[in-house]
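Topology and contacts: notes
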Amino acid sequence: MTGLKLEEYLEKWVRGEAEEIVEYLAAAIVAEEQGLVEVAQALKMIAFEEAMHGAKALVQAGKVGDLKEFIRKRIEEEKEAARVRHEEASHHDEPWKTLFEYTARDEERHARILEGILRKLG
Ligand SMILES: [Fe+2]
Ligand SMILES: [Fe+2]
């Protein structure tokens, strides 16, 4: 396998894993709503393992780089995601408005958590 093919495969692979994670977790939410707790737990476990497949591939490909640089980049991206989500919320009625705002606040919280980690790393 050539380097380019591996690079192409890696991108598709990681994107595929990411889609699977979201879909497994969506199914887990539905299972929880139906009171199927064990089913939900199994689906969450699979989602986590899919996440780890993509994560290990990224690490092995050297895509993470310097930890502090990574965290700084993510802080900006979390803040931007929050900004865009709040903006989107302003164009929608319920129940989408609440979901957009709720998840925007999560993104803001992620940024604050990462800022705390960055301070601790010094
Ligand atoms: Fe996988
Ligand atoms: Fe986030």
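Model, not experiment: these values are computed from the prediction.

1. A look at the overall build of the protein chain
A count of helical and extended segments in the protein chain gives four helices and zero strands. In terms of overall size, the protein chain is more extended than a compact globule, its C-alpha atoms giving a radius of gyration of 17 Å where 122 residues would be expected to give roughly 14 Å. Residues counted as buried form 7% of the 122 residues belonging to the protein chain. Long-range contacts, defined as pairs at least 24 residues apart, comprise 55% of the intrachain contacts of the protein chain with a sequence gap of at least 6.

2. Quick word on the domain arrangement of the protein chain
Each assigned domain of the protein chain is listed with its residue range as follows: domain 1 (1-64) and domain 2 (65-122). A straight line from the C-alpha centre of domain 1 to that of domain 2 covers 21 Å.

3. Quick look at the packing of helix α3 (residues 67-89) against helix α4 (residues 96-121)
Each pair of packed helices gets described by two things: the angle between the helix axes and the distance between those axes. One way to put it is that α3 packs onto α4 with a least axis distance of 8 Å and a crossing angle of 160°. Of the possible angle classes, the one that applies to α3 and α4 is roughly antiparallel. As α3 runs across α4, the sense of the crossing is left-handed. Residue classes in the contact of α3 with α4 are distributed as 12 nonpolar, three polar and 12 charged.

4. So, the environment of isoleucine 46
Considering the arrangement of structural elements, one finds isoleucine 46 in helix α2 (residues 37-60). Residue classification places isoleucine 46 among the partly exposed residues on the basis of 16 C-beta atoms within 10 Å. In this structure, the C-alpha to C-alpha distance between isoleucine 46 and tyrosine 24, residues 22 residues apart in sequence, is 7.3 Å.

5. Things to note about unusual backbone geometry
Following glutamate 94, the chain continues into proline 95 via a peptide bond in cis, with omega recorded as 5°. Relative to the assigned elements, proline 95 resides in the loop between α3 and α4.

6. So, the environment of arginine 83
Mapped onto the secondary structure, arginine 83 falls in helix α3. We classify arginine 83 as partly exposed; it has 13 C-beta atoms within 10 Å. Residues arginine 83 and glutamate 101, spaced 18 residues apart in sequence, show a C-alpha to C-alpha distance of 9.9 Å.

7. Notes on the confidence of the model for the protein chain
Summarising the model, the protein chain shows a mean pLDDT of 96, and 98% of its residues fall at 70 or more. In the model of the protein chain, helix α1 (residues 3-33) stands out as the element of lowest mean pLDDT, 94, in contrast to α4, which has the highest, 98.

Thresholds, definitions, all that
Throughout this document, residue positions are counted from 1 along each chain, in the order its sequence is written. Just so you know, chain letters begin at A and ligand numbers begin at 1, following the order they were written in. Under the rules for a predicted model, residues below a pLDDT of 70 receive no local features and side-chain atom pairs below 80 are neither given nor counted, while totals for whole chains, interfaces and linings still include all residues. Per the convention used, a helix needs a DSSP run of H or I reaching at least four residues, while a strand needs a run of E reaching at least two, with both numbered from the N terminus. We compute the radius of gyration over the C-alpha atoms and compare it with the globule rule, which gives 2.2 Å times the number of residues raised to the power 0.38. For the exposure call, what matters is how many other C-beta atoms sit within 10 Å of a residue's own: 20 or more marks it buried, 12 or fewer exposed, and in between partly exposed, using C-beta atoms placed from the backbone. For the purpose of contact definition, each residue receives a C-beta atom placed from its backbone, and two residues are in contact when these atoms lie within 7 Å. The split into domains, and so the bounds of each, comes from an automatic or database assignment of domains. Axis definition: a line fit to C-alpha positions, over the contact stretch in the case of helices; interaxial angles, taken between N-to-C directions, run 0 to 180 degrees. For classification purposes, an angle smaller than 35 degrees is called roughly parallel, one larger than 145 roughly antiparallel, one from 65 to 115 roughly perpendicular, and anything else oblique. It is the rotation of the near helix from the far one that decides the hand of a crossing: anticlockwise by less than a right angle makes it left-handed, clockwise makes it right-handed. Amino acids are sorted into nonpolar (Ala, Val, Leu, Ile, Met, Phe, Trp, Tyr, Cys and Pro), charged (Asp, Glu, Lys and Arg) and polar (every other residue, Gly among them). Every residue carries a pLDDT, the predictor's confidence in it, which falls somewhere between 0 and 100.

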